[in-house]
Amino acid sequence: MIKTSRRTLATGAALIALGFAADAAAQQAVKIGAIYPLSGNSASAGNYEKMAIEMGADIINNGNAELAKVMPLAKGGGLPGLKGAKIQMVFADNQGTPAAGQSQALRLITEEKVAALIGSYQSGITLTTSAVAEKYGVPFVNPESVAANLTERGFKWFFRVTPVAADFAKAYSAFLKEQKAAGQKVNSIALVHENTEYGNSVASVIADVFAKDGLSVTMKVAYSANSTDVQPQVLQLKEKNPDVAIFVSYTADAILYAKTMKELNWKPAILIADDGGFNDPAFVKAMGSVTEGLISRSVFAPGKPGSVAAICDALYKKKTNGDGLDDVSARALQAFFVLADALNRAGSTEPAKIQAALKATDIKPDQLVAGYDGVKFNDKGQNVLASTLITQIRKGQYVSVWPKARATDPLVLPYKGW
Amino acid sequence: MSILQPVLQVLTSAAFWQVVVGGLMLGAVYALFSSGLTLIWGMMNVVNFAHGDFVMLGMYTAVVVWTSLGGGPWASVPIAAIAIATVGVISYFLLVRHIMRGPMLAQILGTFGLALFLRYGALWAFGANFKTLPDNLVGHSFVLAGLRFEGARVLAGMMGLVITVLLHLILTRTSVGSRMLAVSEDATAAQLMGIRPQRMQALAWALAGASTGIAGALIATFFYTSPTVGETLAIVAFVTVALGGFGSVLGALVAGLLIGLVESLSAFLIGPVWKDVIVYVLFVLVLWFRPQGLMGKA
Amino acid sequence: MKRGHLVWLAVLVLVLAYPVIFLESPVYQRMGALVLLAAIGASAWNIVGGYAGQVSVGHAVFFGIGAYASVTGFAHFELPPIAGAPVGMALSVGLAALIGVPTLRLSGHYFSMATIAVGELVRVLSSTSDWLGGAQGLGGPTMPRTVMDLSFLTALPYYYIFLAVLAALLGITWWMEQSRMGFYLRAIKDSERAARSLGVSAGRYKLYAYMLSAAFTSLAGSLYLCITGFVDPESGFGILISVKMLVMAALGGAGQLFGPLVGALILVPLEELSNSLLGGKGAGITFMVYGAIIVIVARFLPSGLLSLFAGRPKAAAPQSKPVSGHAD
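In this text the structure is predicted, and so the values were computed from the model without any measurement.

Calculation notes
Residues numbered from 1 in each chain as written. Chains lettered and ligands numbered in written order. Predicted model: local features only at pLDDT ≥ 70, side-chain atom pairs only at ≥ 80, totals over all residues. Helix = DSSP H or I, 4+ residues; strand = E, 2+ residues; numbered from the N terminus. Rg over C-alpha atoms; globule rule 2.2 N^0.38 Å. Buried ≥ 20, exposed ≤ 12 C-beta atoms within 10 Å, placed from the backbone. Contact = placed C-beta atoms within 7 Å. Nonpolar A, V, L, I, M, F, W, Y, C, P; charged D, E, K, R; others polar. Core = buried A, V, L, I, M, F, W, Y, C linked by C-beta atoms within 7 Å. Axes fitted to C-alpha atoms, helices over the stretch in contact; angles between N-to-C directions. Parallel < 35°, antiparallel > 145°, perpendicular 65-115°, else oblique. pLDDT = per-residue confidence, 0-100.

Undergrad: A description of the overall build of chain A should follow, citing residues and the corresponding values.
TA: When helices and strands are counted, chain A shows 13 helices and twelve strands. The globule rule puts the C-alpha radius of gyration for 418 residues at 22 Å, and the 22 Å found for chain A is close to it. If one aligns the C-alpha atoms of chain A with their principal axes, the spans along those axes are about 70 × 60 × 40 Å. Among the 418 residues that make up chain A, the fraction classed as buried is 59%. When contacts within chain A are restricted to residue pairs at least 6 apart in sequence, long-range pairs at least 24 apart make up 67% of them.

Right under this line is the structure:
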């Protein structure tokens with residue numbers, strides 16, 4: 001029995017060694033680990049992010065002539081600061097559980113010897129994966145998790161590129177106050193949110209910020225995610241008929257809400273959908289035609305032709321057969337470019353040098369895929385220049401309408417729907 | 001009077017009755033996708049943990065027929081029925097036949113493994129993205145007596161009633177049905193009477209698969225389709241079947257309508273977060289007082 | 001020494017030396033610890049699900065209570081997480097009594113369904129409580145303050161802690177198996193009616209088994225929190241947690257002392273390794289393989305892998321068909 005178990009172990013080890021041998025062919029490459037939900041309930045988002053990061057690595061390694069005109073790192077031939085080392089992505093599946101994420105972080109660090117990690121979508125999993133990176137002293141770049149506490153842990157190796165819930169809430173508040181000044185009614189606001197981490201945390205921050213800014217949330221509806229039916233909630237809304245409705249939902253529920261609102265024929269003057277499900281390409285494809293004028297927030301809008309964002313959007317469409325970059329995939333791609341830029345400036349795969357380079361990051365808006373004011377980290381590792389755009393669906397596609405400086409199209413109110 | 005006033009106010013509001021109607025239609029859909037589960041459960045004393053994933057496969061069949069082959073609901077429903085019936089019969093011969101006499105644990109183990117296999121097979125084949133069917137002829141709604149009815153849900157609800165009643169009639173009024181029941185009562189005795197138990201059981205899986213396939217194809221007309229959608233539906237189906245009393249097709253119908261109504265009303269009157277809590281509490285209470293379920297044989 | 005003894009001695013040495021053999025590989029060390037942790041959960045489930053034959057599909061309730069007791073102790077009182085373990089165990093035993101009295105009267109599938117419902121109920125409720133961190137969940141100590149926080153860089157200390165707990169649990173289970181209680185439970189499992197007619201208080205012994213099982217499941221939850229450092233409603237109370245305990249026990253051999261350990265020894269490495277090798281491709285192949293293997297075992301070895309070594313498996317007893325949900 002022992003013999004067989006030893007033999008199995010030996011075979012296993014040999015298999016793993018084989019894997020290493022194959023990797024060894026790609027010498028000189030800088031390995032970056034990416035941990036995403038590639039199975040489980042969030043697999044859809046995880047796969048979009050994976051494709052965005054793969055595309056980013058391809059741009060750095062093989063170049064893109066058009067993009068190279070505006071973004072120096074896109075010339076191809078790997079990272080110049082590292083003598084042309086190519087970037088090799090190692091993807092791992094967190095399976096939607098904190099424990100699996102942790103196991104994979106450990107494997108990527110100790111076995112794949114990655115220079116840095118990127119991930120992991122769900123805030124709870126980012127919490128555990130980044131804790132492993134912190135213990136081992138490996139830089140961890142987080143593109144998209146918004147839980148406030150992530151940057152409050154005193155971590156030295158954690159860098160978050162995305163804006164957080166408070167930034168979104170401030171953007172909505174400023175946006176609504178502007179509409180009020182322009183004569184729109186915003187006296188009653190309904191806040192509908194799903195009851196898991198994302199919905200709860202975003203909704204409570206919105207409620208706090210609005211209360212401070214004198215906007216009255218007159219109705220708060222929490223519902224459990226993955227509902228089979230949302231008709232009662234929509235009927236409640238129809239009865240109270242608020243001027244503004246804000247939804248915080250994942251894709252599954254977003255689709256149901258859009259369908260049910262059409263079925264029950266209810267629409268508020270201003271309908272805001274906080275990113276999440278409403279920005280999923282699957283949602284836009286399925287429901288875009290019946291949600292004309294839906295307002296959302298996104299860090300991404302294609303922008304002017306020839307800009308970094310527009311070129312990347314076109315490339316991504318090619319890669320995914322038609323799905324453009326959206327809020328989530330754009331944030332992943334942006335964080336990947338931030339990490340690549342830091343690696344390039346570090347000129348080394350030594351963790352401490354990468355960490356120092358990340359701390360010194362200062363990227364200007366015209367170099368960005370995402371619509372941030374720039375990228376610059378504070379002591380806690382939060383990007384202080386992260387901000388968000390407000391977008392609106394126009395003929396089945398999101399266009400940027402606010403703030404005015406970055407708007408490509410005028411805002412159209414009231415909400416038209418179908 | 002002052003106490004009654006708010007109650008009256010609720011009862012006379014159009015929204016309330018809309019919720020009642022919506023809840024009943026939802027309940028009919030629950031009954032629809034639970035009928036296959038209760039049939040297998042009652043006939044063979046096997047809990048199919050892969051049931052939700054059978055529904056999911058039915059939904060994908062509809063999506064494929066609809067989007068790739070260009071068929072509408074009239075093509076997708078029968079094709080899904082045939083496809084899932086086939087899946088059911090294959091599962092019966094390759095797996096269930098061998099585990100149904102074993103301990104109950106082996107059944108859970110086997111059907112749970114099957115569930116994982118099907119769920120992630122779908123992820124592999126169709127990708128993780130949410131799919132929805134294009135707006136279509138059943139996608140419209142109409143107004144009746146001041147209440148709005150959604151075409152797709154009405155159709156699904158109606159089919160739920162029809163199929164449940166049909167299954168009930170097959171089991172109670174036809175000779176095939178009585179042979180199937182004989183096998184479920186006592187397979188050995190049935191064999192002595194010249195009934196081939198395996199054939200009857202395979203037939204039960206085919207029937208259950210067909211009704212599940214139809215359920216999936218109809219649900220896909222108003223619900224999103226994703227590889228993990230079966231998980232969402234399976235727990236509802238379990239509760240519906242156990243509440244109704246296992247093996248009782250009509251029990252599943254009553255339980256489905258009750259759960260749909262309770263869910264919708266509690267979401268409307270108390271708050272959407274509490275609807276699951278109330279359904280589970282109700283379920284546990286019913287089992288406390290009637291351990292055999294609402295319409296199970298005592 | 002007999003050859004059999006030698007084999008056991010060698011196994012013992014291998015088990016004790018495992019983390020040292022893999023000193024260079026933190027991944028394999030962690031895998032060893034995870035196997036033991038899963039084995040603790042599954043062995044705890046085995047007491048009521050295997051020995052007493054009451055197939056609970058809601059044991060995540062106790063697992064979650066253990067994990068939450070540990071994390072709230074840290075988050076609200078700055079206690080080391082492990083200090084929450086006894087609190088969680090006490091709460092779990094109490095709740096087991098509360099749940100067990102009404103539900104253990106139910107037989108077969110009805111008991112399973114009732115436990116699913118209770119499990120989902122607790123999961124939904126936990127996500128509405130701000131004190132428990134709501135849907136966002138709660139994190140343990142991010143950096144170890146003292147050694148009592150049980151937050152280590154490598155999995156080596158976890159391995160030995162889990163090993164000790166598992167040994168204690170298996171010891172208690174073995175003792176129970178040999179005692180009068182084990183005898184009664186076997187009688188109840190075979191035929192509750194016959195056991196009752198012999199004067200065995202079936203309800204009471206099933207409840208004892210349920211409470212004992214709950215206590216150790218809760219401990220598994222507390223240990224999980226120590227190694228993971230985070231819990232939310234899904235990873236604490238999710239139905240998949242309950243199902244995994246059951247699957248591991250059933251795969252190895254339910255109602256057998258080492259059954260759950262064998263199941264964990266197979267499924268945990270399978271899950272970890274296939275996720276490492278295939279997970280990055282992102283097509284769900286990991287779980288397809290996982291599912292297929294479970295199906296194959298259920299099909300060919302319905303009584304679990306250990307039945308391979310038990311000589312000819314007993315002819316499958318024709319299952320009595322419960323006509324009502326009442327325990328017969």
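Undergrad: Outline the overall build of chain B, listing residues and values.
TA: Each helix and strand counted, chain B has twelve helices and two strands in total. Counting helices and strands in the order they occur from the N terminus, chain B gives α-α-α-α-α-β-β-α-α-α-α-α-α-α. Taking 2.2 N^0.38 as the reference for a compact globule, 298 residues should give roughly 19 Å; the C-alpha atoms of chain B span a radius of gyration of 20 Å, in line with that estimate. If you line up chain B on its principal axes, its C-alpha atoms span 70 × 50 × 35 Å. The 298 residues of chain B split such that 60% are buried. Considering only contacts in chain B between residues 6 or more positions apart, those separated by 24 or more positions represent 78%.

Undergrad: Now, about the interface of chain C and chain B: what can you tell me, with residues and values included?
TA: Accessible area lost when the parts come together is the quantity often used to give the size of an interface. Chain C puts 45 residues into the contact, and the matching count from chain B is 43 residues. Listed by contribution, the elements that provide at least two residues to the side of chain C that touches chain B are α5 (108-126), α11 (239-252) and α13 (285-300) of chain C. At twelve residues, the largest contribution of residues to the side of chain C that touches chain B is made by α5(C). Split by residue class, the side of chain C that touches chain B holds 31 nonpolar, ten polar and four charged.

Undergrad: Explain the nonpolar core to me, using residue names and the numbers behind them.
TA: Grouped together as the largest cluster of nonpolar side chains are 359 residues, with contacts concentrated most on A:I246, A:L333, A:L339, B:A204, C:L37 and C:I40. In contact with A:L339, other than residues within four places in its own chain, are A:I32, A:A116, A:I118 and A:V141.

Undergrad: Before we move on, could you go through the packing of helix α6 (residues 151-173) of chain B against helix α9 (residues 197-219) of chain B and cite the residues and values that matter?
TA: All names here are of chain B. For the pair α6 and α9, interaxial distance at closest approach is 10 Å and the crossing angle is 170°. Classified by the angle their axes make, α6 and α9 are roughly antiparallel. Contacts between α6 and α9 pair L155, A156, M159, I163 and L167 from the former with L207, S211, I214, L218 and I219 from the latter. Along the lines of polarity and charge, the residues of the contact of α6 with α9 split into nine nonpolar, one polar and no charged.

Undergrad: I'd like to hear about the packing of α11(C) against helix α12 (residues 259-278) of chain C, residue by residue, with values.
TA: Residue and element names in this part refer to chain C. Interaxial distance between α11 and α12 falls to 6 Å at its minimum, and their mutual angle equals 105°. Taken together, the axis directions place α11 and α12 in an arrangement best described as roughly perpendicular. Judged by residue contacts, V247, M248, A249, L251 and G252 of α11 engage G259, P260, L261, V262, G263, A264, I266 and L267 from α12. Residues that form the contact of α11 with α12 fall into these classes: ten nonpolar, three polar and no charged.

Undergrad: Pulling in residues and values, what's your account of the interface of chain B and chain A?
TA: Counting residues at the interface gives 28 residues for chain B, matched by 30 residues for chain A. At the level of elements, α2 (14-44), α5 (104-126), β2 (147-150), α10 (229-244) and α11 (249-269) of chain B are the ones that each hand at least two residues to the side of chain B that touches chain A. Here the element with the most residues in the side of chain B that touches chain A is α2(B); it accounts for five residues. For the side of chain B that touches chain A, the per-class residue count stands at 14 nonpolar, ten polar and four charged.

Undergrad: Give a detailed account of the confidence of the model for chain B, specifying residues and quantitative values.
TA: Residue and element names in this part refer to chain B. Per-residue pLDDT for chain B averages 85, and the proportion of residues at 70 or more is 96%. The least confident element of chain B is helix α1 (residues 4-12), whose mean pLDDT is 73; the most confident is helix α3 (residues 51-67), at 92. With a pTM of 0.88, the predicted complex shows an ipTM of 0.86.

Undergrad: Describe the environment of A:K156, listing the residues and the values that go with them.
TA: All names here are of chain A. Residue position: K156 is located in the loop between β4 (140-142) and β5 (158-160). Given 13 C-beta atoms within a 10 Å radius, K156 is considered partly exposed. C-alpha of K156 to C-alpha of K113: the two residues are 43 residues apart in sequence and 19 Å apart in space.

Undergrad: Account for unusual backbone geometry, with residues named and values stated.
TA: If a residue is not glycine, its phi is most likely negative; likewise, a peptide bond is most likely trans. Omega for the peptide link from A:G119 to A:S120 comes to 0°, which places this bond in the cis form. Not every positive phi belongs to a glycine, and A:N241 is a case in point at roughly 45°. On the neighbour-count criterion, A:N241 (13 C-beta atoms within 10 Å) is partly exposed. Look at B:N45: it is not a glycine, yet its phi comes out positive at around 55°. Summarising the element assignment, B:N45 is placed in the loop between α2 and α3. Overall, the presence of 20 C-beta atoms within 10 Å leaves B:N45 in the buried class.

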